[in-house]
Amino acid sequence: MYKRKNQAMGGTQDNGTWPYNNSKGWAYVLGGDGFFTEIDRSNPSYMYSELYNGSHYRSTNGGANFYAKNTGISESGPWETPTWMDYSDPMIIWTAHTTKIFRTTDRMNVWVDMNNPTGLGGGRSIHQCYDHPSTVVVLGGSRVWVTTDNGATWNN
């Protein structure tokens, strides 16, 4: 679940994704199993959600409508594919699919393959260093991959 003042959003097993707004209450927006969600810190009209196997969705109107946003992603993801909104720039979002790590710098318009490490083994989680946002850690299968240069190079 992701929350900010007067807003929250979360994915639920078998019951989709639900954004919350103080003035409107809860709203059902995407069916199926809902997973990772994000609300843009700089513009809360942008909301991001995900369904199983790395199906990414974006809303530009505060959750009234969501549209699939997988342009540039060349493979499906694990059942629960992780995403991460960048601390330094909310237009940047990371995701770790089955064998590849992708990043978007334009609010999910286009995803870019991030020079993937060999043997990702399915994305499990993504984390970022708050004090050094160019450092991103991806857990994939039984390996941990680290970049200190925004994904240009990766170390196991």
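Residues numbered from 1 in each chain as written. Predicted model: local features only at pLDDT ≥ 70, side-chain atom pairs only at ≥ 80, totals over all residues. Heavy atoms only, no water.

Draft legend 1. The arrangement of the overall build of the protein chain in detail. Assigned secondary structure in the protein chain consists of zero helices and 15 strands. In the protein chain, which comprises 156 residues, the share counted as buried stands at 46%. Accessible surface, the protein chain as shown: approximately 7600 Å² in total, 49% of it carbon and sulfur. (Helix = DSSP H or I, 4+ residues; strand = E, 2+ residues; numbered from the N terminus. Buried < 20%, exposed > 50% of the residue type's maximum accessible area, 1.4 Å probe, protein only. Areas by Shrake-Rupley, 256 points an atom, 1.4 Å probe, with all protein chains shown as cover.)

Draft legend 2. Main features of the packing of aromatic side chains. As enumerated under the stated definition, the model contains four aromatic pairs in all. Seen from their ring centres, Y52 and W79 are 5.0 Å apart, and the 10° between their planes marks the pair as stacked. Here W79 lies in the loop between β8 (67–68) and β9 (83–85) and Y52 lies in the loop between β6 (47–51) and β7 (55–59), a separation of 27 residues in the sequence. Accessibility expressed as a relative area gives 33% for Y52, which makes it partly exposed. Accessibility expressed as a relative area gives 46% for W79, which makes it partly exposed. Arranged with centres 5.5 Å apart and planes meeting at 90°, the rings of W84 and Y87 form a pair that is edge-to-face. Overall, the relative accessible area of 34% leaves Y87 in the partly exposed class. (Phe/Tyr/Trp six-rings, centres within 6.5 Å; stacked < 30°, edge-to-face > 60°.)

Draft legend 3. The pairing of strand β10 (residues 93–96), seen in detail. Burial along β10 is two-sided: I93 and T95 and W94 and A96, pointing in opposite directions, are all buried. When β9 meets β10, the two strands line up antiparallel, connected through three bridges. In the sheet register, M85 faces β10, and the bridge partner there is I93. Where β10 lies against strand β11 (residues 101–104), four bridges are found, and the strand directions are antiparallel. Along β11, the bridge assignment pairs A96 with I101. The turn linking β10 back onto β11 is made up of four residues. (Pairing = 2+ DSSP bridges.)

Draft legend 4. Main features of the pattern of salt bridges. The final tally for this structure, using the stated rule, is two salt bridges. Here R107 and D40 are joined by a salt bridge, their closest N and O atoms 2.9 Å apart. Here R107 is found in the loop between β11 and β12 (112–113), whereas its partner D40 is found in the loop between β5 (34–39) and β6, with 67 residues between them in sequence. You'll find R107 and D40 in the same group, each marked buried. The partner of D113 in a salt bridge is K100, with the nearest N and O atoms 3.0 Å apart. Within this pair, whereas D113 is found in strand β12, its partner K100 is found in the loop between β10 and β11, the two being separated by 13 residues in sequence. Here D113 falls in the partly exposed class, since its relative accessible area comes to 31%. (Salt bridge = Lys/Arg side-chain N within 4 Å of Asp/Glu carboxyl O.)

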